[in-house]
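What the coordinates show
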Amino acid sequence: MRERAVGRGELPDAAWNRLERLLPKAAGRGRPWRDHRQVINGVLWRLRTGAPWRDLPERYGPWRTVYERFARWEADGTWARLLEAVQARDDSIGELEWTVSVDSTINRAHQHAAGAHKKGAQERDELGYAPHPTRGQALGRSRGGLTTKVHLATDGRGLPLAIVITPGNVNDSTVFDTVLNAVRVPRLSAGRPRRRPQTVIADRAYSSRAIRAGLRRRGIRAVIPERSDQIANRQRRGSAGGRPPAFDTEQYKARNVVERCFSRLKQFRAVATRFDKLAARYLAGLRLASLTLWLREL
């Protein structure tokens, strides 16, 4: 059977067949939903191009329908559940690699994401819903303007396991526990979700006693290099400074998988630059982009 012709960036048949069985079913009476595949491809088009929702091509249906489905599935957790489902499938057949790499990247916020009016006026989303102040929407101000930081944990193949977003001026190490606690892969059989990696690889930004101690308590091996100031302080104290923490230089070379994952995610222009006013919408787009990376591996 020949595969259906798909447009650039759309879901191929193999990925759609895997995803279709996981999607919500229409319940009760009322107008039937527009084809899920058409709508998801419309959302992917917008993620890939970064264009306004109103510029969505007609082949994906009314832009309001596509946007409302995207927003509804963000609100009820559907995008998060879909990502967990494909992760659980890989874990059940032993393909998920529990050597986890953690890192972050800063993405610039477009003026459409941060264009709140002054003197009390509040911004709204594409359909005029959900008035919100800029504060609390994961936007941080620095010399480069308003930015959002994406914190990511990937498995050993460089596929996203957990995503956390914060304002761009937040320190990486303060969010480490939040990122690690967001790793949650359900089991297809009975049992609690799997949450504990075997090894965590991170760069010098995460080198702190608190992080190392927390990993040690959970029985997780840390592969994190020391910062130069920490090395100097320990050496200055002599024997009182203690021994240097264990560090596997060969395994540290595998940290590049998280950098490659960021590169793949940023092929979606609405990820590389934040256009969404609401942090929850931007996070939902990140989850959908991550979902496509998992589906490509099937």
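Here's a quick rundown of the structure.

What counts, and at which threshold
Residues numbered from 1 in each chain as written. Predicted model: local features only at pLDDT ≥ 70, side-chain atom pairs only at ≥ 80, totals over all residues. Heavy atoms only, no water. Salt bridge = Lys/Arg side-chain N within 4 Å of Asp/Glu carboxyl O. Buried < 20%, exposed > 50% of the residue type's maximum accessible area, 1.4 Å probe, protein only. 1 Å grid on protein atoms, 1.4 Å probe; cavity = no way out; pocket = protein on both sides within 12 Å on 5 of 7 lines; lining within 4 Å. Points joined across faces, edges and corners; volume = space filled by probe spheres on them. Helix = DSSP H or I, 4+ residues; strand = E, 2+ residues; numbered from the N terminus. Nonpolar A, V, L, I, M, F, W, Y, C, P; charged D, E, K, R; others polar. Arc of directions from axis to C-beta. Contact = heavy atoms within 4.5 Å. Phe/Tyr/Trp six-rings, centres within 6.5 Å; stacked < 30°, edge-to-face > 60°. Pairing = 2+ DSSP bridges. Polar contact = N/O pair within 3.5 Å; in protein donor to acceptor, adjacent residues only side chain to side chain.

With respect to the pattern of salt bridges
Per the stated rule, a full pass over the model turns up 18 salt bridges. Residue Lys253 is joined to Glu250 by a salt bridge in which the shortest nitrogen-to-oxygen separation is 3.1 Å. Each member of the pair, Lys253 as well as Glu250, is classed as exposed. Each of Arg89, Asp90, Glu95, Asp155 and Arg157 takes part in salt bridges that share partners, so that together they form one network.

A look at the layout of surface pockets
The volume enclosed by the largest pocket comes to roughly 520 Å³. For the largest pocket, the lining is made up of 21 residues, of which Arg209, Arg212, Glu226, Arg243 and Pro245 are closest to its centre. Only helix 7 (209-217), strand 6 (221-223) and helix 8 (228-236) provide two or more residues apiece to the lining of the largest pocket. Ranked by residues supplied to the lining of the largest pocket, first place goes to helix 7 with five residues. Here the lining of the largest pocket is built from residues that sort into seven nonpolar, six polar and eight charged.

Considering helix 1 (residues 13-20)
Those residues of helix 1 that sit buried are Asp13, Ala15, Trp16 and Leu19. The buried residues of helix 1 occupy an angular sector of 160° when projected down its axis, which confines them to one face. Buried residues in helix 1 make contact with helix 2 (36-49), helix 4 (78-92) and helix 12 (279-296).

Points about the environment of Glu250
Mapped onto the elements of the fold, Glu250 is located in helix 9 (residues 249-252). Separated by 27 residues in sequence, Glu250 and Val223 place their C-alpha atoms 9.8 Å apart.

Concerning the packing of aromatic side chains
Applying the stated criterion across every chain yields a total of six aromatic pairs. Seen in terms of ring centroids, Trp53 and Phe70 are 5.4 Å apart; in terms of plane orientation they differ by 35°. Their pairing is tilted. In this pair, Trp53 sits in the loop between helix 2 and helix 3 (63-75) while Phe70 sits in helix 3, placing the two residues 17 residues apart along the sequence. In terms of burial, Trp53 and Phe70 fall into one category: buried. By the ring-pair criterion, three or more aromatic residues cluster together here, those being Trp53, Tyr67, Phe70, Trp73 and Trp79.

Topic: the pairing of strand 3 (residues 145-154)
A large share of strand 3 lies buried, amounting to ten of its ten residues. In this sheet, strand 3 lies alongside strand 1 (residues 99-109) in antiparallel orientation, the contact comprising eight bridges. Bridge pairing links Val102 to Ala153 in strand 3. Of the pairings in the sheet, the one linking strand 2 (residues 140-142) to strand 3 comprises three bridges and is antiparallel in character. Residue Gly140 lies in a different strand from strand 3, and its bridge partner there is Thr147. Connecting strand 2 to the antiparallel partner strand 3 that follows it, the hairpin turn spans two residues.

So, the side chain of Glu10
Relative to the assigned elements, Glu10 resides in the segment before helix 1. The class for Glu10 is buried, based on a relative accessible area of 15%. A distance of 2.6 Å separates a polar atom in the side chain of Glu10 from a polar atom in the side chain of Tyr60. Ignoring any residue separated from it by four or fewer positions in sequence, one finds Glu10 in contact with Asn41, Arg59 and Tyr60.

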